[in-house]
Amino acid sequence: MLWNEYKELIKKKILKKEFNSLEMLEILNKKVLNQVEKKEIITDIRKICKTKNSTDEEIEKEKDINRQMRLLYKQLLVYLTGYLEDYCDFLLEIKELNDYKELVHMFLQARSMQIENPCIVSERSNNIFDEIDTKIYNLCREKKNVNTTHLRYELRENNMTVIIISKMEDEIDLDNLKEVCKQMYEICGKNIIVINTNDYVTENNTMPLLLPFFKEKDILEEKEELFFDNVKVQYISVQNLVEETLQMDMLIDYIREVKPYYVVNFGGINYFAKLVNAVVPTLTLTTNEQEKCTSFNTTITCKEDIKKGIKEYKYKADTYDYDFIENIKKHIVKVDKSKWVKTEPLVSVCTLVYNHELFLQEMLNGALMQKTSFPFEIIIHDDCSTDLSAKVIEEYQKVYPEIVYPVYQKRNINSLEVNIMEKIVYPKSRGKYIAWCEGDDYWTDENKLEIQVSYMEENPDVAGTFHEALLKTKNGDFIEHGGREPEEKDYDTSYCISKSATRIDTATVVFNKEKVLPLPYFSKYAKTEDYLLFITISLRGKFHYFSKIMGVYRMSDNNWSSTVLNNPKKYKEFTMSEIKWLLELNDYTDGKYYNEIAKVIAVRGADLVRVIEYEEVLDSIRK
């Protein structure tokens, strides 16, 4: 086959959606290289790769074809030259991919190339490799809709279950896995569950253990019991887990139900293991120094390393929660009470917490560092967190019993659709003013409360105030997202109806309790209270804005944005309830804000149609 014929074949396969880069490499090797000089092919590829990227005017389909061709050509270049520079260029091309499955597929191929040719491994290629790895993990987190918060030790301490996550690819891996199971049984726990996540396993694989046991939705349906040298093992195998987030979600839910004592990741980089590591601190056993990916990692060169690594892990895992709390205690800030005259709190900081272990210290320190001329209290409601949130609160309450007032639930009541703020937190508040701050948000300015409350004290016609805040993404980036003019001013009800659902952050709001509460009768329909609260504040008085950035709103896996927006069923319920109370709001205000309300309902209605269409597509796929 001539080189030009080969290029045409690539394009045809891409158009027919039959493209497979591994197949094309094989064709190149068997049919092209024996007809065409390698040097000629390399020269042409370099020329192609220098061609400018597609323009905005170019048809999207053509863009995609050119992108896939360029990606393959760069891969071919590495195959033909074996040069480090070509490999780094190939990695940078992979890094630009945004399709999750394609990114994972090319990442796995790039990793295989490293194994086949160690000469292309360098500090630069490893850095790009790590960036791609991080991007995949973040995309994986965004795709999932499951609780990956830490499962505290006391929920697991009476459970002798050990989960081993493996990626078996050959007899050596199988032999090492047997050793891992044996050592975990002797050192850590008696109930061993192995979850195999090898993406390369096929139904025709001749190895008896590597069979696809995952059927439909029930991962327990095809669970088997095996014996490794008298060690009984429950075995679950899952194919293409890195691509199938539905399976990943169900497996993590399963792990939360099992509540394993310890978790071991055996076989290197594993995105499922990374997610599980957030639930239970995990040990990674790997033969490759670069494949460390969890809280605890051991590089193994022999079976003795396995035993040593597991012993060290057991000790560290057993003290993980203790060490975490000890570190929290070291960083509790001091409260400045020097200017407090009265004893009764003027402000009640109201906080809702559920599995905010990693963020609570920032929130509590941000509140306690406030320099005020008045006392304040923090009423913090923990909705039966499964992580260390309650223990963090407890440590702060010990130091400041006169400020921190915890409310602990023995069962999760948010799932029962109880309005926690209205029914539990507000009635316990003693302050004239309420300041909101969710458990995963925090304040950055020590004068925040003084600025807002002083203004409200001096201006009795003001029902509430808010300020600018930064949005902190899951990647740790900070974004200014308010979109308001940089000047102090009052915002009216029209603005609050039209903009506040996305432009006012709860952690920035302080309001006059007597003026604003109780909320209108139709608050019972609201799935989230903040949007309605902001509208109510503007109806009961002035709603004043400070342009100064004084806080941070965090995008996390456990906030409203993640749990509702990424769940079609929950989002449908939320949208329908919001439309209902917006219609009630129109009657409540005698149609004064009809135009603003109608626009919001139109947007919500369009969202609702998309969700219903999405559910219909899912139903047809299931059938």
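Our subject is the structure listed above.
Numbering of residues begins from 1 in every chain and follows the order in which that chain's sequence is written. This being a predicted model, a pLDDT of at least 70 is required before a residue's local features are given, and a value of 80 or more before pairs of side-chain atoms are given or counted; all residues contribute to the totals for chains, interfaces and linings. Hydrogens are left out, water is left out, and the side-chain values use all remaining heavy atoms of the structure.

Draft legend 1. Highlighting the nonpolar core. Among the nonpolar cores identified, the biggest contains 41 residues, and F511, L533 and W581 are the most heavily contacted of them. Here a helix means four or more residues in a row that DSSP labels H or I, a strand means two or more in a row labelled E, and each is numbered from the N terminus. For this core, the secondary-structure elements that each account for two or more residues are α15 (420–428), β11 (433–436), β13 (462–472), α17 (493–503), α19 (530–540), β17 (542–554), α21 (568–588) and α22 (594–622). Here this core takes six residues from α19, the largest share from any one element. Not counting residues within four places of it along the chain, the set of residues in contact with W581 comprises F522, Y525, A526, Y531, L532 and I535. Counting 36 residues, the second largest nonpolar core, distinct from the first, contains V335, A367, L388 and Y400. Here the nonpolar core consists of buried residues drawn from Ala, Val, Leu, Ile, Met, Phe, Trp, Tyr and Cys, with membership extended through side-chain atoms lying within 4.5 Å. Using a 1.4 Å probe on the protein chains alone, a residue whose accessible area is under 20% of its type maximum counts as buried, one over 50% counts as exposed, and one in between counts as partly exposed. Only heavy atoms matter for contacts: two residues are in contact if any of them lie within 4.5 Å across the pair.

Draft legend 2. How the structure looks around the packing of helix α13 (residues 360–368) against helix α14 (residues 389–399). Angular values range over 0 to 180 degrees, each being the angle between N-to-C directions of two axes fitted as lines to C-alpha atoms, with helices fitted over their stretch in contact. Between α13 and α14, the shortest axis-to-axis distance is 10 Å and the interhelical angle comes to 25°. In terms of orientation, α13 and α14 fall into the roughly parallel class. You can see that α13 and α14 cross each other, and the crossing is right-handed. On α14, the residues touching L360, Q361, L364, N365 and L368 of α13 are S389, V392, I393 and Y396. Note on residue classes: Ala, Val, Leu, Ile, Met, Phe, Trp, Tyr, Cys and Pro are nonpolar, Asp, Glu, Lys and Arg are charged, and everything else, Gly too, is polar. Classifying every residue of the contact of α13 with α14 gives six nonpolar, three polar and no charged. To sort the angles, those under 35 degrees are grouped as roughly parallel, those over 145 as roughly antiparallel, those from 65 to 115 as roughly perpendicular, and the leftovers as oblique. Working rule for handedness: look at the near helix, and if it is turned counterclockwise from the far one by less than a right angle, call the crossing left-handed; if clockwise, right-handed.

Draft legend 3. Inspection of helix α6 (residues 100–116) at higher detail. For a helix, the expected span equals 1.5 Å multiplied by the number of residues minus one. An ideal rise of 1.5 Å per residue puts 24 Å on 17 residues; α6 measures up with 25 Å between its terminal C-alpha atoms. Judged by how many residues are buried, α6 sits mostly within the fold: 12 of 17 residues are covered. For α6, the complete set of buried residues consists of Y100, E102, L103, V104, M106, F107, L108, Q109, A110, R111, M113 and Q114.

Draft legend 4. Molecular detail of the pattern of salt bridges. What counts as a salt bridge is simple: a side-chain nitrogen of Lys or Arg found within 4 Å of a carboxyl oxygen of Asp or Glu. Per the counting criterion, the structure on display carries 21 salt bridges. E402 is the partner of K337 in a salt bridge, and the nearest nitrogen-oxygen pair spans 2.3 Å. With a gap of 65 residues between them, K337 in the loop between α12 (320–330) and β8 (347–353) and E402 in the loop between α14 and β10 (404–408) connect regions that are remote in the sequence. Overall, the relative accessible area of 35% leaves K337 in the partly exposed class. K398 is the salt-bridge partner of E394, the closest N and O atoms lying 3.7 Å from each other.

Draft legend 5. Structural view of the packing of aromatic side chains. Ring pairs shown here join Phe, Tyr and Trp side chains whose ring centres sit within 6.5 Å, with only the six-membered ring taken for Trp; geometry is labelled stacked below 30 degrees between planes, edge-to-face above 60, and tilted in between. Scanning the model with the defined rule gives 19 aromatic pairs in all. Between Y426 and F511 the ring centres are 6.2 Å apart and the planes differ by 85°, which places this aromatic pair in the edge-to-face class. You can see Y426 sitting in helix α15 and its partner F511 sitting in strand β16 (residues 510–512), a full 85 residues away along the chain. Of the residues examined, F511 reaches a relative accessible area of 0% and is grouped as buried.

Draft legend 6. Structural detail: helix α5 (residues 84–95). If you check α5, its first and last C-alpha atoms are 16 Å apart, about what 12 residues at 1.5 Å a residue would give, namely 16 Å. Looking only at α5, the buried set comprises D86, Y87, C88, F90, L91, E93 and I94.

Draft legend 7. Representation of the side chain of S538 within the structure. Mapped onto the elements of the fold, S538 is located in helix α19. Once you skip the residues sitting within four places of it in the chain, S538 turns out to touch Y491, D492, T493, C496 and F543.

Draft legend 8. Structural detail: unusual backbone geometry. Along the chain, L517 connects to P518 via a cis peptide bond; the corresponding omega equals 0°. With respect to the helices and strands, P518 occurs in the loop between α18 (513–516) and α19. In this structure, K259 takes a positive phi of about 55° despite not being glycine. By the element assignment, K259 lies in the loop between α9 (245–258) and β5 (262–266). Overall, the relative accessible area of 29% leaves K259 in the partly exposed class. The backbone of C384 shows a phi angle near 60°, a positive value even though the residue is not glycine. By secondary structure assignment, the location of C384 is in the loop between β9 (376–382) and α14.

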